[in-house]
Structure formats: structure tokens, C-alpha cells
Amino acid sequence: MECALACSASAKIALLSCRQMRWGSSKLPKGWSSSWRSRRNRSLRTVALSTTAGLGNTMEASAANAQNVNYMWPDKKRPRVCIVGGGFGGLYTALRLESLVWPDDKKPQVVLIDQSERFVFKPLLYELLSGEVETWEIAPQFSDLLANTDVRFFKDRVKCLYPCDHLGTNAPTAGTVHLESGLLIEYDWLVLAIGAEAKLDIVPGSADYALPFYTLEDAHRVDEKLRELERKNFGKDSLIRVAVVGCGYGGVELAATISERLQEKGIVQAINVEKTVLSNAPAGNREAALKVLSSRKVQLVLGYFVRCITKGVESQTSDAESEPVDSAADHSESIILELQPAERGLQGQIIRADIVLWTIGSKPLLPQLEPSDKPYDIPLNARGQAETDETLRVKGHPRIFAVGDSSTFRDKNGKLLPATAQVAFQQADFAGWNLWAAINDRPLLPFRYQNLGEMMTLGRYDAAVSPSFTDGLTLEGFVGHTARKIAYLIRLPTDEHRVKVGISWLMKSTVDSVATLQTMLAKAQSSS
């Protein structure tokens, strides 16, 4: 609370000084250094952003080193909701709040903060590698998604959080969000949906030589690396060697997609510490994945974990089991993976690859928001996720909700819910409703997760879908691919975006069908 009041006081001084200079005063206040003149324009832009924020839906904070200034909410009476993170949990909570019916004086003012200008529909990132989708279809800009709403979007990074709703005082604010641009946002209600990032520091060398596949930037980076290798190996007999670490859903989907893309020009090896792939997936999905991986000659290295990753010149032939490639090829930039068996009785292996994709582990970003000048008031578990009650409120903080990767929640059997898009979808719906209930003094609903099934892509026009309402049923191949695309199309954020993407996918499907028909007719004519 003391921090919030101090920030408010400094903001008022800055605003007062800004108004004096805008009103024509050419004199600086006594005691101010002359360096203020060189920073005046930058500070004025920051103040102008906070005082006119109600005039637009999308705002980008000014440059770093700007003075701390409070964000001026358009209405001083209506509730203030700040949502940190624009992923599935954050964006869909904001849209849920927008869709509910509110009394005129109770409809909240909503601010959404994310470091990126685009929302990313992560389950469809694999289709970027196969060329099935375009960036705008699965990563629309927040400015487009929120154009017809009252939600304000800030492209900025959160520096730290200062909650004070746990103090039990009648403070004018429940806390303050401090952005790296210097902007301070006081709130009445806070939603933590900041998500997680890939965990690359698990083994020596993984952070230096392995590529994650977690964000839109990661997908573009992997695609560009594959294009570079394809150009380099064009017309040569050498194979592009891809090593995928991890055989959960992410690893299997990557291995299937890339092996289909490279075909005979590359070899994909998938490494997993367990003796099978997709150990926690439905049996139908696992069998479908194994069938596809086998048909595309993906080498499964099971029962091994990566000991370390290095880079060096290939000077001798690798083990026969690990790498059947042309020894005469130039692999001076090879990445070397040292594998150690998970059980006794197996020998270690050495795998050489041109690109290593890391799909194991993630770490929540919430611990990075801890203030440097005081202990963190938000209770976190060992993984760095906020501890929540059954209504998704952070324990000990009645004005803070946490969803998605930022929260930890157990189902009725005491099992932790997975960090999936499906969980974040459902939590966002409950968080939005419970915010409505809390603001209108209604009882909050306990969150109940419903597993609707599991889906995975296995390449262009190939997928596996195991719905939960029918035991033993798995939709495979083109039928599974169509069901998956329709399910995700329905889940896209807004009606306008769904229509645009639906038309785009329909046109692409029509073109592909016509091209396939022409190819079949040409083959029939040539054979006759």
C-alpha cells in the first residue's frame, strides 16, 4: 500500500509538471536538473498515454527509462480489472467479461497487458511448418480482436506486482502492476494469466544448441532453420538430420510434421526417456501416432535421456543404431547429443544432428514478477504457479484470480490439471463469470474441469482425435484432421476472426482438392 501511495504521489507531481510546461511555462521547477530538458518530450509522451488512454483500444508504451506514471482510468467509479497475459487464459477472460450483461455502473474497465502484439493459437503452430496455415490465421493482432470491444490493450512487459488486497485495509486500490515502460496500473481486480516459457536449462548445452517450439517466434525460427538446411542440401545426397527431444504430444507432433515435410531428404530421430511415446495419452492416439511415425521412418530412441549437448566436427562414423547417414557429407556444424540409458543393461549412444528441437519442460513466468524490495506476497508452489482455491482466486488474495500456466489446480481426485489450452479455455470462462459474481456481490462458482478429449496433428490432412464422450473411439487420418480443424475453428477468439479463417481454409481446401483431381486425371490419361 505504501508503494501504491508513493507511486500515486510521484505520478501527480509528474502530471502537474507536465501541465505547467504544456501551458507555456518555460521555467523548470527549482532544483530540477537541466537533463530534464532532454527527457521532457519522452516523459510527456508517457503522461499523454496515461491521460488519454480511454480514447483508443490499443496502446504501446513509450521507450524504456520513462518516468513512473500512473495510468489514468477513464471512469473513476466503475471497477478496474487488469489482466496480465494475453494467452488463452487472459484474452478469453477479457472476452468473457465483455460478453456478460452488466449493470451500467458495474461494468468493469478492462486492461489487457501482453509483451507481444499478437495472440497465438499455440495448438496450430505445427501447421506453420507444414504450410497449412498462415501467420495471420493463428496469430491475429490484439488490435483486430479487440477492435469492437471496450478492452484496452497494452503492448508492454510486466516488471513486478504489488498486491495489497491481503492486508485487510480499506485501501483505494487492491494493488498496482508496474510495467517496464514505467507505467503504473492500479486495479480493483487482477487476473494472472502470464503463462510459461520453455525450460532449456535442463542439461548442459541445451540452452545453447537446442531450439524450443513454444512461441510464434520459435516456430518461425525452426521454419527458417529448416529452409536453410533444405537450401544447403539441395541437389546433394546428404540427409538433413533432425533430433526431437521428448515424445509427449509436442515432440510427436513435431516429429510427424517435419518427417512429412522432409520426406526422403531427411531423417528424424525422436528421443524419449520412457519406453513408449505418449505414455499419458489415450491408447487410440498413441497407436495412431506410432503407425504414422513408423510409416515415415522416424527413428524412436526410447529409454534414453540426453546427458549433454555439444557442437563439433564429425570425425568418425556414428553408431549404426543412431545415425545411418552418408559419411561423406559435410557435417562440420553437427550438434552432438550424448545419450544415457534410463535403465541398466543398455549402452550409451551418440547422436549427431543438424537441428535439435527441445520439447521437454516449461517454467511459469510468475516468479519473475517478484518485487526486488520486498518478499513476494503471492503464494507459489514448487513450480512457480500461484496457489488457488476452488473458485480460481489466489489463496489469501480475494481480488486476484489465476488461470492457465500461472495457476495450480487439482481435480476432484487430487490430480494436478495439465497445462493445456483446453484447461485454460475452461478456466477463463469460470474466471470471467466469477469476476462478474464478485463485482455484483453474488456467490462464486467452483471450477470444475471437464475433459473433452485429446487431439493431435500428424501432418497435412492427418490427425488423431479421441473424444472423451465415447470410450475407445479415435478418429484418424483425414476424418481426424477435419474434426480437429473444425474444433479449433470454433475455439478461435472472435466471430469475425472465425469467419475470415473459415473462408480462408475452405478456399485452400477447394484449391487442393482441384489440384489432386487434376493430378489423378493426368495419371489416368498417361497410363491409358
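Just above sits the structure.
Not measured: the values here are computed from a predicted model.

Cut-offs used in this document
- Residues numbered from 1 in each chain as written.
- Predicted model: local features only at pLDDT ≥ 70, side-chain atom pairs only at ≥ 80, totals over all residues.
- Heavy atoms only, no water.
- Helix = DSSP H or I, 4+ residues; strand = E, 2+ residues; numbered from the N terminus.
- Expected span 1.5 Å × (residues − 1).
- Buried < 20%, exposed > 50% of the residue type's maximum accessible area, 1.4 Å probe, protein only.
- Pairing = 2+ DSSP bridges.
- Axes fitted to C-alpha atoms, helices over the stretch in contact; angles between N-to-C directions.
- Salt bridge = Lys/Arg side-chain N within 4 Å of Asp/Glu carboxyl O.
- Phe/Tyr/Trp six-rings, centres within 6.5 Å; stacked < 30°, edge-to-face > 60°.
- Parallel < 35°, antiparallel > 145°, perpendicular 65-115°, else oblique.
- Left-handed = near helix turned anticlockwise from the far one by under 90°.
- Contact = heavy atoms within 4.5 Å.
- Nonpolar A, V, L, I, M, F, W, Y, C, P; charged D, E, K, R; others polar.

1. Quick look at helix α11 (residues 421–439)
Residue pairs spaced three or four apart in an α-helix point in one direction, given the helix's 3.6 residues per turn.
Right, so step 1: The end-to-end C-alpha separation of α11 is 27 Å, in line with the 27 Å expected for 19 residues at 1.5 Å each.
Right, so step 2: Of all 19 residues that make up α11, 17 are buried, and the element is covered over most of its length.
Right, so step 3: Of the residues one or two after α11, D441 is the one with positive phi, at around 55°.

2. Focus: the pairing of strand β17 (residues 349–353)
Right, so step 1: Burial analysis of β17 places four of its five residues in the buried class, which makes it a mostly covered element.
Right, so step 2: Strand direction decides the pairing type here: strand β16 (residues 335–341) and β17, joined by five bridges, are antiparallel. The residue of β17 that forms the bridge with E338 is I350.

3. A look at the sheet that holds strand β15 (residues 304–311)
Right, so step 1: Spatial ordering of the open sheet is given by β15-β16-β17, a layout of three strands whose pairing is antiparallel. Taken across any chain shown, the strands that pair with only one partner, and hence form the sheet edges, are β15 and β17. Geometrically, the sheet is characterised by an average inter-axis angle of 25° between neighbouring strands, direction not taken into account.

4. A short note on unusual backbone geometry
Right, so step 1: The phi dihedral of L392 is positive, around 75°, even though this residue is not glycine.
Right, so step 2: Take L392: it is sitting in the loop between β20 (386–387) and β21 (400–402).
Right, so step 3: When its relative accessible area of 0% is taken as the criterion, L392 is described as buried.
Right, so step 4: Of note, the phi angle at D441 is positive, near 55°, even though the residue is not glycine.
Right, so step 5: Mapped onto the elements of the fold, D441 is located in the loop between α11 and β23 (453–457).
Right, so step 6: Under the relative-accessibility criterion, D441 is labelled exposed at 67%.

5. Digging into the pattern of salt bridges
Right, so step 1: In this structure the tally under the stated criterion is 26 salt bridges.
Right, so step 2: In this structure, K107 and D150 form a salt bridge, with 3.2 Å as the shortest nitrogen-oxygen distance. Linking K107 in the loop between α3 (88–99) and β4 (109–114) with D150 in the loop between α6 (142–145) and β5 (152–155), this pair joins segments that are 43 residues apart in sequence.
Right, so step 3: The class of K107 is partly exposed, set by a relative accessible area of 25%.
Right, so step 4: Under the relative-accessibility criterion, D150 is labelled partly exposed at 44%.
Right, so step 5: Here R296 and E260 are joined by a salt bridge, their closest N and O atoms 3.5 Å apart. Of the two residues, R296 sits in the loop between α10 (283–295) and β14 (299–302) while E260 sits in helix α9 (residues 249–262), which places them 36 residues apart along the sequence.
Right, so step 6: Ionic contacts of the salt-bridge type, sharing partners, join the residues D223, R227, E230 and R261 into one network.

6. Some words on the packing of aromatic side chains
By convention here, two paired aromatic rings are described through the distance between centres and the angle between planes.
Right, so step 1: Counted by the stated rule, this structure contains 18 aromatic pairs.
Right, so step 2: Plain terms: the ring middles of F121 and F425 are 6.3 Å apart, the flat faces sit at 40° to each other, and that makes the pair tilted. Of this pair, F121 sits in the loop between β4 and α4 (126–130) while F425 is found in helix α11, placing the two residues 304 residues apart along the sequence. There is no split in this pair, since F121 and F425 are both buried.
Right, so step 3: Centre to centre, the rings of F142 and F153 are 4.5 Å apart; their planes meet at 25°, and the pair counts as stacked.

7. A few points about the packing of helix α8 (residues 216–232) against α9
Right, so step 1: The interhelical angle for the contact between α8 and α9, taken along N-to-C directions, is 30°, at an axis separation of 12 Å. With respect to their mutual orientation, α8 and α9 come out roughly parallel. The way α8 lies across α9 gives a crossing that is right-handed. Together, D223, L226, R227 and E230 of α8 and I258, R261 and L262 of α9 make up the contact between the two elements.
Right, so step 2: Split into classes, the residues belonging to the contact of α8 with α9 amount to three nonpolar, no polar and four charged.

8. A few points about the sheet that holds strand β12 (residues 240–245)
Right, so step 1: What the five strands build is an open sheet, ordered β11-β18-β12-β13-β14; its pairing is parallel. Unpaired on one side and paired on the other, β11 (210–212) and β14 mark the two borders of the sheet. The average undirected angle you get between the axes of adjacent strands in this sheet is 25°.
Right, so step 2: Looking at chain direction, β11 and strand β18 (residues 355–358) are connected through three bridges and run parallel. Bridge assignment links P212 to a residue of β18, and that residue is W358.
Right, so step 3: Contacting β11, β12 and β18, α8 crosses the sheet at an angle of about 135° to β11.
Right, so step 4: Strands β12, β13 (266–272) and β18 of the sheet are contacted by α9, whose axis makes an angle of about 170° with β12.

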